[in-house]
Amino acid sequence: EKIKILLDKKTLPQALKDYIKKDLFSKDTLHTIIFETDFYKKVEDAFGKDFEKQSFQGQRNIHSYMAIVGYDDIFRSISIKADISHDKLRSNVEKYTQRRHEIAHCGDHDLDQTKPTENKIDKPYTKDCIELVELIAKHIHEISLSK
């Protein structure tokens, strides 16, 4: 939605321009369509197809994709609004994302042992994860309303 607005206004952040140039189109394709009247429609369509393949998990991906829509250092902005250490916020996001990755790809088993054992997910861990996601979502929403 935000990318659509930026394309309609023709005010593209540098990260969005770079993404269009480097990730959405090959150099030859971009040179072919850049002066066409429906260029922005083609960019919008390409984003739709590309975003279906993307993962928005992990602090690096969140940081990168938020920069594309004009929020340059989203975790710094969130940490200021939430009065939390920037590094701690990022590392907590990474901790939960890594755990999700392990669950999805290893069945959440500890493979470092002779007989793999299933890792436990306890209530405090789950509660902390939910609170982190809510905090981030809340502050991203507030930041987006102020822009």
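Computed from a predicted structure; not experimentally measured. (Residues numbered from 1 in each chain as written. Predicted model: local features only at pLDDT ≥ 70, side-chain atom pairs only at ≥ 80, totals over all residues. Heavy atoms only, no water.)

1. A short note on the environment of Glu 118
You can see Glu 118 is positioned in strand β2 (residues 117–118). For Glu 118, a relative accessible area of 53% gives the class exposed. With 10 residues separating them in the primary sequence, Glu 118 and Asp 108 have C-alpha atoms 6.0 Å apart. When sequence neighbours within four positions are dropped, the list of residues in contact with Glu 118 reads Asp 108 and His 109. (Helix = DSSP H or I, 4+ residues; strand = E, 2+ residues; numbered from the N terminus. Buried < 20%, exposed > 50% of the residue type's maximum accessible area, 1.4 Å probe, protein only. Contact = heavy atoms within 4.5 Å.)

2. Section: the nonpolar core
Formed by 30 residues in total, the largest nonpolar core has its most connected members in Ile 20, Leu 24, Phe 25, Val 43, Phe 47, Ile 68 and Ile 74. At the level of secondary structure, the elements contributing two or more residues to this core comprise α1 (2–9), α2 (14–24), α3 (27–33), α4 (39–53), α5 (59–68), α6 (74–82), α7 (86–106) and α8 (123–146). Excluding anything up to four places from it in sequence, Val 43 contacts Leu 7, Ile 20, Leu 24 and Phe 25. (Core = buried A, V, L, I, M, F, W, Y, C linked by side-chain atoms within 4.5 Å.)

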